[in-house]
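Now for the letters of each chain:
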Amino acid sequence: MEALTTAPDPESGLARLRGAVERLRAHGVPFLVNSSFSRRNQREIPAVYELAKRLGATAWYLFMIVPTGRAADIIARCHAFGSSLLDEPPFSPSAADSI
């Protein structure tokens, strides 16, 4: 998660993302954030949620990369986190309809 909390290299993907977001916001263009999570990065869900809020995203979509056969724990963790936050502004389900 260090990449999301430290000053990025100007050539990094995160620095380019922030630049793109600044240009979108400057022109009043709404945008959404798509995120993919698996067992390897599931601990980053709260930090990505906070980043999407800080960036001013209109919506945030979580996708789960599920290993075949044993996915119950990652699905349960994502649902537990998501059910507590995703129905609240700014990421309510209807917010994405405006994009």
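My aim in this report is to walk through the structure given alongside it, one point at a time.

**Regarding the environment of Leu 17**
Here Leu 17 shows up in helix H2 (residues 13–26). Taking relative accessible area as the criterion, Leu 17 reaches 37% and is therefore assigned partly exposed.

**Some thoughts on helix H3 (residues 45–55)**
Of the positions making up H3, those classed as buried are Ile 45, Val 48, Tyr 49, Leu 51, Ala 52 and Leu 55. An end-on view of H3 places all buried positions within 160° of arc, on one side of the element. Residue Gly 56 follows H3 closely and has a positive phi angle near 90°.

**What about the nonpolar core?**
Membership of the largest hydrophobic core comes to 13 residues, with the highest contact counts inside it found for Phe 31, Val 33, Phe 37, Ala 52, Leu 55, Ala 57 and Trp 60. Those elements that place two or more of their residues in this core are H2, strand E1 (32–37) and H3. Of all the elements, H3 adds the most residues to this core, at six residues.

**So, the packing of H2 against H3**
When two helices pack together, their arrangement is given by the angle between the helix axes and by the axis-to-axis distance. Packing of H2 against H3 leaves a shortest axis separation of 11 Å and a crossing angle of 35°. Contact residues: H2 offers Leu 14, Leu 17, Arg 18, Val 21 and Arg 25, while H3 offers Leu 51, Arg 54 and Leu 55. Its residues assigned to classes, the contact of H2 with H3 shows five nonpolar, no polar and three charged.

**Quick notes on the side chain of Ser 35**
Here Ser 35 shows up in strand E1. Accessibility expressed as a relative area gives 8% for Ser 35, which makes it buried. Sequence-distant contacts of Ser 35, that is, excluding residues within four places in its chain, are made with Val 48, Trp 60, Tyr 61, Leu 62 and Phe 63.

**Topic: the packing of aromatic side chains**
Across all of its chains, the model carries two aromatic pairs by this definition. With centroids separated by 6.4 Å and ring planes inclined at 85°, the aromatic side chains of Phe 37 and Trp 60 adopt a geometry described as edge-to-face. With Phe 37 in strand E1 and Trp 60 in strand E2 (residues 59–64), this pair connects stretches of sequence that are 23 residues apart. On the basis of relative accessibility, which here comes to 2%, the residue Phe 37 falls in the buried class. With a centroid separation of 5.5 Å and an interplanar angle of 50°, the aromatic rings of Tyr 49 and Trp 60 are classed as tilted. Of the two residues, Tyr 49 sits in helix H3 while Trp 60 sits in strand E2, which places them eleven residues apart along the sequence. Residue Tyr 49 is classed as buried on the basis of its relative accessible area, which comes to 3%. Through successive ring pairs, a cluster of aromatic residues spans Phe 37, Tyr 49 and Trp 60.

What counts, and at which threshold
Residues numbered from 1 in each chain as written. Predicted model: local features only at pLDDT ≥ 70, side-chain atom pairs only at ≥ 80, totals over all residues. Heavy atoms only, no water. Helix = DSSP H or I, 4+ residues; strand = E, 2+ residues; numbered from the N terminus. Buried < 20%, exposed > 50% of the residue type's maximum accessible area, 1.4 Å probe, protein only. Arc of directions from axis to C-beta. Core = buried A, V, L, I, M, F, W, Y, C linked by side-chain atoms within 4.5 Å. Axes fitted to C-alpha atoms, helices over the stretch in contact; angles between N-to-C directions. Contact = heavy atoms within 4.5 Å. Nonpolar A, V, L, I, M, F, W, Y, C, P; charged D, E, K, R; others polar. Phe/Tyr/Trp six-rings, centres within 6.5 Å; stacked < 30°, edge-to-face > 60°.

By themselves these figures say nothing about function.
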